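# Inside the fold
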Amino acid sequence: MMKKSLVSVIMPAYNAAGFIAESIRSVQQQTHSNWELLVIDDASHDATSKITEGFKAEDDRIKLHVLPTNQGAGFARNIGIKAATGDFISFLDADDLWKPQKLEKQLKLMQEEQVRVCYGSYELMNEDGESINKQIKALKTLTFSKLKKANYIGNLTGIYDARSLGKIYCPLIRKRQDWGLWLLAVRKAGGAKGIEEPLAIYRERRGSISQNKTEMLQYNYKVYREVLKYSAVKSLFWMVLFLWEQLFVKQKQKVSLHK
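A quick note: this is a predicted structure, and the numbers were derived from the prediction, not measured.

## Concerning the overall build of the chain
Counting its regular elements, the chain contains nine helices and 11 strands. Out of the 259 residues in the chain, the part that is buried amounts to 53%. Put simply, the chain shows about 12100 Å² of open surface, and 53% of that area lies on carbon and sulfur atoms. Across the chain, the mean location of the 40 positive side-chain charges is 8 Å away from that of the 28 negative side-chain charges.

In structure tokens form, the structure reads like this:
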């Protein structure tokens, strides 16, 4: 039954030569082996494609798409989603890692509890791959209303049932498009469930654009206005809720690794 389900893994990559081999191996090490990995090289000018080609030559579950110009992670993910043939669609960036039982545990939960969107906790490491002894704890359950207040789904842990929900694509905004995708998925699914055990490891990059708070707020507004199609007034209302949630509520999800 679920063991035979094909999972499509979407991996956008841009100048990821220093990390992508380890990320691909973390997919290959999955205890659920029925997957396809779609690597979308977003016009890298390093050895990203060459490294991926090496894995592809030895593992026919790996596919490579090379974009002629850089379009951003959301566009690249959508290329992968369009090409995906799996029953389930999941995501892993080319510098992050999965734990070996990530897919197996999520598919088991989704089968047993009839869940169509699933996510999990994840650990944090620095750019050099060293643990910083912190993790982002997943909420056990997630409603659409709660997700509108802040993004509680780590994209590297998210998976959705494409058989029942259909293919759900990233909104075409340059940033925060992963949050937009999960908002659309959770709204359609009627909720989501989380696994509290860490399923993946997120690499915190130095100088990450996510540290630019002003830009983040601008794209958050775009999510409300352009993705959810809210009025300007309603979007501003939700922005206030977001700021409160982000500053005083969501921060509690970041805890010691062994807590």
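Picking up after the structure, the text goes on.
## Here's the deal with the pattern of salt bridges
Opposite charge on two side chains allows them to pair when their charged atoms are near. Per the stated rule, a full pass over the model turns up 12 salt bridges. The salt bridge involving aspartate 59 is made with arginine 61; its shortest N-O contact spans 3.0 Å. Using a relative accessible area of 8% as the deciding quantity, one classes aspartate 59 as buried. Linking glutamate 196 and lysine 140 is a salt bridge whose minimum nitrogen-to-oxygen distance equals 3.9 Å. Within this pair, whereas glutamate 196 is found in strand β10 (residues 192-203), its partner lysine 140 is found in the loop between β7 (131-136) and β8 (141-142), the two being separated by 56 residues in sequence. Residue classification places lysine 140 among the exposed positions, given a relative accessible area of 56%.

## Notes on the packing of aromatic side chains
Summed over the entire model, instances satisfying the criterion amount to eight aromatic pairs. Residues phenylalanine 237 and tryptophan 238 carry aromatic rings whose centres are separated by 5.9 Å and whose planes lie at 85° to one another, so their mutual orientation is edge-to-face. Judged by relative accessible area, tryptophan 238 falls into the buried class, the value being 8%. Every member of this aromatic cluster is reached through a ring pair, and the members are Trp179, Tyr224, Phe237, Trp238 and Phe242. Sitting over the face of the ring of tyrosine 230, lysine 234 holds its NZ or CZ atom 4.0 Å from the ring centroid.

Quick notes on the rules
Residues numbered from 1 in each chain as written. Predicted model: local features only at pLDDT ≥ 70, side-chain atom pairs only at ≥ 80, totals over all residues. Heavy atoms only, no water. Helix = DSSP H or I, 4+ residues; strand = E, 2+ residues; numbered from the N terminus. Buried < 20%, exposed > 50% of the residue type's maximum accessible area, 1.4 Å probe, protein only. Areas by Shrake-Rupley, 256 points an atom, 1.4 Å probe, with all protein chains shown as cover. Lys, Arg positive; Asp, Glu negative; His and termini not counted. Charge placed at Lys NZ, Arg CZ, Asp CG, Glu CD. Salt bridge = Lys/Arg side-chain N within 4 Å of Asp/Glu carboxyl O. Phe/Tyr/Trp six-rings, centres within 6.5 Å; stacked < 30°, edge-to-face > 60°. Lys NZ or Arg CZ within 6 Å of the ring centre and 35° of its normal.

Read these as spatial facts, not as claims about activity.
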